[in-house]
Amino acid sequence: KQWYQRRVAITAGDRYLVVCYLCRVYRLRLNMVSEDLAVEVFGSNRAWYKAWIINVYKTNALCTFENGWKDNQRVPFMNIRLPPVYPTNYPFSLNEDVEVLSNTEPSCWWPANINRIAKDRRTYSIVYKKSYYSADNKADYGDMVGKDRLRPTTENFCLNQNTFYKFSAEVPDKMRECADIPGVLDDKAFEKFKESTKASLIRYDPDTNEIVVLTRNIGVYRDVEMCFDYQLSLLEKKVDLLSRHQKFADRLQSPPQEVSVASPSTTQRLFHKSRSTSQQCVEEFTIHPNFMGLAIGTRGKNINLARKIPGIVGLDLDEEQCLFKIVGETKEAVTDARNMLEYGEKSIEVDPKYAPKMIGRKGVTIQDIVDQSGCVRVRIENPERVPIFKARLKSLLFD
């Protein structure tokens, strides 16, 4: 654009390469922000600058500006508006208040007034208001502009917190440590998810340690809210694979070490499911596929809590085989983590005539049993009236 304004002659091929390069740079700069989040920011010089919303807070929004001429900045909602919509063949009239697009970088819209119109109605003489555009800021500044640089004034109201729908989720610590690795928390990691949900923006905010999703469609927001747990589990699997790959790469780069042949007794202890050494204890166990959702928890809450238990070194999960592998410094820590993740089911047969008393009025009695026993779910099969209790294994104490 600057080359065109300076009237430098360039070929069509050169223009194509320049446009491709600038589009690629701007897409990287804006983190693939959709035009649905395009806004205009009111500057101190009374001009409107083009920007994009990349995060929303209670009283302001985080904006990134066109061409990156200014660092990302929080702007109050009262100084942000949506781009105005106006017809291309709008009939401008004499002495009408308009907005004029500047011919310098950064581009912005200045308030002005039309004081003369050419006969072909393609060129207009304008005067900028309050001389904010003038360099000396002492006198009104006039200019001759084409119709393509004019637009009528708009009365678009300022934005507020409810203009955009925001969904945010906290990133696990293990994933945050790998944020710099390509494909973990960058645009490529959310590309397919963004395409399937049609969200306007999905980005990782390192300041708040959250994944932020913005959209102006309530339907898109509900789809993201419903499917995000699955997307987060896929990212956690990718982080596990990358960390294992890094460990193997470090082993290959390390110098070779002497290998000693293990005795039969040592080999038996090595492949035992629950084994302890002087430094750590490893334990593996499987659960029923129906209990995987309870074991993992909402957004992996139970797994994260188990990893934070003092003495836990590592916790791996194979969802296909429903297999948990816990590594800890002590057997007590491994046992605590297993009790937190392992769920089971137990049936208790009750005589049909005593079933109403066991349930109680409005389910009060059976709810007390659930609260005291530590169960998370109770199901009563009809017509046999057989209560099915789902709980962590340590809570199944009904004998």
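Predicted, not measured: the structure shown is a model, and the values here were computed from it.

**Some thoughts on the overall build of the chain**
Then step 1. Broken down by element type, the chain carries 11 helices and 20 strands.
Then step 2. Residue burial in the chain is summarised as follows: out of 399 residues, 35% are buried.
Then step 3. A separation of at least 24 residues holds for 55% of the contacts in the chain among residues at least 6 apart in sequence.
Then step 4. Just so you have it, the chain exposes about 25700 Å², and 51% of that area is on carbon and sulfur atoms.

**Observations regarding helix H9 (residues 331-341)**
Then step 1. Among the residues of H9, those classed as buried are Ala333, Val334, Ala337 and Leu341. For H9, the arc enclosing every buried residue in end-on projection is 100°, short of the 170-degree limit, so these residues lie on one face. Along H9, exposed side chains directed more than 90 degrees from the buried face belong to Lys331 and Glu332.
Then step 2. Check the buried side of H9 and you find it contacts strand E15 (281-286), helix H7 (292-296), helix H8 (301-307), strand E16 (312-318), strand E17 (323-328) and strand E18 (343-347).

**Focus on unusual backbone geometry**
Then step 1. The omega angle of the peptide bond from glutamate 105 to proline 106 is -5°, so this bond is cis rather than trans.
Then step 2. For proline 106, the location among the structural elements is in the loop between strand E6 (97-101) and strand E7 (108-117).
Then step 3. A positive phi is found at asparagine 95, a non-glycine position, where the angle reads about 65°.
Then step 4. Positionally, asparagine 95 belongs in the loop between strand E5 (80-81) and E6.
Then step 5. The class of asparagine 95 is exposed, set by a relative accessible area of 53%.
Then step 6. For cysteine 322, which is not a glycine, the phi torsion comes out positive at approximately 55°.
Then step 7. In this fold, cysteine 322 is placed in the loop between E16 and E17.

**Some remarks on the sheet that holds strand E12 (residues 201-205)**
Then step 1. Strand order in the open sheet made by the 3 strands is E11-E13-E12, with antiparallel pairing throughout. Two strands bound the open sheet, and with one partner strand each, they are strand E11 (165-170) and E12. Sheet twist, expressed as the average angle between the axes of neighbouring strands with direction ignored, equals 20°.
Then step 2. Pairing geometry for E11 and strand E13 (residues 210-215), over 6 bridges, is antiparallel. Within E13, the residue paired with glutamate 170 across the bridge is glutamate 210.
Then step 3. Where helix H5 (residues 218-253) meets the sheet, it contacts E11 and E13, and its direction lies at approximately 15° from that of E11.

**Notes on the pattern of salt bridges**
Then step 1. Within this structure, the stated rule accounts for 8 salt bridges.
Then step 2. As a salt-bridge pair, glutamate 40 and arginine 81 come within 3.0 Å of each other at their nearest N and O atoms. You can see glutamate 40 sitting in strand E1 (residues 38-42) and its partner arginine 81 sitting in strand E5, a full 41 residues away along the chain. Each of the two residues, glutamate 40 as well as arginine 81, counts as buried.

Quick notes on the rules
Residues numbered from 1 in each chain as written. Predicted model: local features only at pLDDT ≥ 70, side-chain atom pairs only at ≥ 80, totals over all residues. Heavy atoms only, no water. Helix = DSSP H or I, 4+ residues; strand = E, 2+ residues; numbered from the N terminus. Buried < 20%, exposed > 50% of the residue type's maximum accessible area, 1.4 Å probe, protein only. Contact = heavy atoms within 4.5 Å. Areas by Shrake-Rupley, 256 points an atom, 1.4 Å probe, with all protein chains shown as cover. Arc of directions from axis to C-beta. Pairing = 2+ DSSP bridges. Axes fitted to C-alpha atoms, helices over the stretch in contact; angles between N-to-C directions. Salt bridge = Lys/Arg side-chain N within 4 Å of Asp/Glu carboxyl O.

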